[in-house]
Amino acid sequence: MTFHLVTLNIKESNAPQATLAFKEQLVQKYAPAPIIFGLQELDINAKRSQKINVPALLAGKDDYRFVPTIEYDPDILKPTRKSAKNTQDPWLYGIAMIVSGATIASSHNIALGPDDDLYWQTTHDTQKLKWDLEPRKAIITEVQLAKGSVWIATTHLSYQADRTKHSPIRERQIEALIKAVSTVVPANAPLILCGDFNATNENPDLCALDQSFSKAIVDQPTKVVKSGPPVQIDHIFFRNLKLAKSTEVITTSFSDHSAVIAHFN
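Keep in mind that what you see is a predicted model, and the values were worked out from it rather than measured.

The rules behind the values
Residues numbered from 1 in each chain as written. Predicted model: local features only at pLDDT ≥ 70, side-chain atom pairs only at ≥ 80, totals over all residues. Heavy atoms only, no water. Helix = DSSP H or I, 4+ residues; strand = E, 2+ residues; numbered from the N terminus. Buried < 20%, exposed > 50% of the residue type's maximum accessible area, 1.4 Å probe, protein only. Contact = heavy atoms within 4.5 Å. Areas by Shrake-Rupley, 256 points an atom, 1.4 Å probe, with all protein chains shown as cover. Lys, Arg positive; Asp, Glu negative; His and termini not counted. Charge placed at Lys NZ, Arg CZ, Asp CG, Glu CD. Core = buried A, V, L, I, M, F, W, Y, C linked by side-chain atoms within 4.5 Å. Pairing = 2+ DSSP bridges. Axes fitted to C-alpha atoms, helices over the stretch in contact; angles between N-to-C directions.

**What to know about the overall build of the chain**
When its secondary structure is counted, the chain shows 5 helices and 12 strands. Expressed along its principal axes, the backbone C-alpha trace of the chain runs to roughly 50 × 40 × 35 Å. Every one of the 265 residues in the chain was classed for burial, and the buried ones make up 54%. Sequence separation of at least 24 residues holds for 71% of the intrachain contacts in the chain that already meet a minimum separation of 6. Per element, the accessible surface of the chain, about 11,700 Å² overall, is 51% carbon and sulfur. A gap of 1 Å separates the mean positions of the 28 positive and 28 negative side-chain charges of the chain.

What follows is the structure in structure tokens.
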């Protein structure tokens with residue numbers, strides 16, 4: 001049951017074609033083994049990304065699921081709440097799972113909080129939004145491989161500038177994620193949790209995951225930040241699986257995140 005798992009934040013879908021080329025390069029490199037992508041910051045119908053359906057573009061003929069975490073005004077370059085007077089389809093922003101060389105047997109969309117209205121209640125000025133209150137979700141999918149299935153979840157958790165510090169909001173999101181996984185996924189099933197956790201390895205918010213799962217060791221940073229040295233906040237946790245070799249970090253030209261790829265057998 002050899003397969004590969006990639007987690008990557010594609011940075012506001014700012015370069016869909018470059019992201020697609022990166023994805024196709026990895027698919028070709030590892031074919032015919034399945035390769036599964038847990039992606040964050042994907043747009044649909046956003047002016048800033050040419051109103052492309054980015055998840056569909058990246059998936060092509062591959063199986064995929066997209067979950068919007070929030071809706072914005074489609075004609076504004078920066079996040080602005082969709083007006084009730086605007087009858088156009090909204091700009092959807094969220095996370096996706098793309099599966100190449102295998103199929104998705106089932107999927108579950110999980111709300112991790114906070115509430116949508118809480119995010120917007122302070123002001124419509126995007127420069128004053130409390131970004132730690134941005135609503136977050138997870139996708140939990142059952143991927144059917146040639147010999148059995150594996151469950152994979154991806155998410156993108158609460159932001160704060162210092163990724164080493166505890167966040168009560170992020171801690172609750174992780175609790176919600178673990179609860180959802182324990183409800184949806186059979187206890188003995190192979191399972192992977194991946195994504196942009198916005199927390200470094202030493203952040204106490206990850207303790208609950210560290211206690212329940214093994215972690216793919218990443219020995220270099222994965223995110224360039226506005227001030228200070230790069231940090232490692234993109235993680236892969238797993239259980240009832242074995243790594244075939246060391247986890248790799250692949251620098252990208254189109255994002256401030258590097259891709260993290262883990263190899264399982």
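**Regarding the nonpolar core**
In this structure, Ile-10, Ile-35, Phe-37, Leu-39, Leu-42 and Leu-58 are the most contacted members of the largest nonpolar core, which totals 24 residues. For this core, the elements supplying multiple residues, two or more each, are β1 (3-9), α1 (16-30), β2 (35-44), α2 (54-59), β4 (91-100) and β12 (259-264). Contact partners of Ile-35, with chain neighbours within four places excluded, come to His-4, Val-6, Leu-26, Val-27, Tyr-30, Ile-98, Val-99, Ser-100 and Ile-261. In this structure, Leu-5, Ala-102, Val-143 and Ala-262 belong to the second largest nonpolar core, which totals 22 residues.

**Let's talk about the sheet that holds strand β3 (residues 63-72)**
Within a sheet, adjacent strands bond to each other through the backbone by hydrogen bonds, running parallel or antiparallel. Read from one edge to the other, the open sheet built from 6 strands follows the order β3-β4-β2-β1-β12-β11, with strand pairing classed as mixed. Strands at the two margins of the open sheet, each flanked by one partner only, are β3 and β11 (248-250). Direction aside, neighbouring strands of the sheet carry axes that sit 20° apart on average. Judged from the 3 bridges that link them, β11 and β12 form a sheet pairing that is antiparallel.

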